[in-house]
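Architecture and fold: a report
What follows is each chain in one-letter form.
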Amino acid sequence: MGITCSHADHRREYVEAFLDHPDAEQSLKAWYEEARRASWCIAHDIKGRYASVSFVGRNRVVFNIKGNDYRLVVAMAWRFRVAYIKFVGTHAGYERIDAATMEKP
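This write-up is about the structure you can find in this document. Keep in mind the model is a prediction, meaning the values are calculated, not measured.

**With respect to the overall build of the protein**
Assigned secondary structure in the protein consists of four helices and five strands. Start at the N end of the protein and walk to the C end: the helices and strands fall as β-α-α-α-β-β-β-β-α. Taken over 105 residues, the protein has a buried fraction of 40%. For the protein, restricting intrachain contacts to residue pairs at least 6 apart in sequence, the fraction spanning at least 24 positions comes to 47%. A total of about 6100 Å² of accessible surface is found on the protein, and carbon and sulfur atoms cover 50% of it.

**Quick word on the pairing of strand 5 (residues 82-90)**
Alignment of strand 4 (residues 70-77) against strand 5, held across eight bridges, turns out to be antiparallel. Bridge pairing links Leu72 to Val88 in strand 5. Between strand 4 and the antiparallel strand that follows it, strand 5, lie four residues; Arg81 among them carries a positive phi value of about 60 degrees.

**A few points about the environment of Lys66**
Among the structural elements, Lys66 can be located in the loop between strand 3 (60-65) and strand 4. Taking the relative accessible area as the measure of exposure, Lys66 reaches 29% and is therefore partly exposed. Separated by 38 residues in sequence, Lys66 and Leu28 place their C-alpha atoms 7.9 Å apart.

**Some words on the packing of aromatic side chains**
Under the defined criterion, the tally for this structure stands at six aromatic pairs. With centroids separated by 5.1 Å and ring planes inclined at 85 degrees, the aromatic side chains of Tyr50 and Phe63 adopt a geometry described as edge-to-face. Residue Tyr50 is found in the loop between helix 3 (43-49) and strand 2 (54-57), and its partner Phe63 is found in strand 3; the two are separated by 13 residues along the sequence. By way of ring pairs, the aromatic residues Trp31, Trp40, Tyr50 and Phe63 are connected into one cluster. In this structure, Arg49 packs its charged tip against the face of Tyr50, placed 4.9 Å from the ring centre.

How each quantity is defined
- Residues numbered from 1 in each chain as written.
- Predicted model: local features only at pLDDT ≥ 70, side-chain atom pairs only at ≥ 80, totals over all residues.
- Heavy atoms only, no water.
- Helix = DSSP H or I, 4+ residues; strand = E, 2+ residues; numbered from the N terminus.
- Buried < 20%, exposed > 50% of the residue type's maximum accessible area, 1.4 Å probe, protein only.
- Contact = heavy atoms within 4.5 Å.
- Areas by Shrake-Rupley, 256 points an atom, 1.4 Å probe, with all protein chains shown as cover.
- Pairing = 2+ DSSP bridges.
- Phe/Tyr/Trp six-rings, centres within 6.5 Å; stacked < 30°, edge-to-face > 60°.
- Lys NZ or Arg CZ within 6 Å of the ring centre and 35° of its normal.

On their own, these measurements won't tell you what the molecule is for.
Now the structure itself:
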């Protein structure tokens, strides 16, 4: 049983990432498909697969996408095995958000 990836509340941002950064589309799709098949139950499971992943509090996980050109922030609901996509963007865009709360500084 894999992880359910949800981006219903942030679908526009997810799709816009493809439009704004078409070079990241394949990397994001590859991550999405891998996450759907993953058996992540605890943070260590993710860290075992993605050495460069960061955990920023409040169950937020930051993935480096496309050779570290982009950032993907998800909120993990470990108990329900759901990853909520909260942010997709460049490092500059990532610097303008608070990944732990997703509130603008």
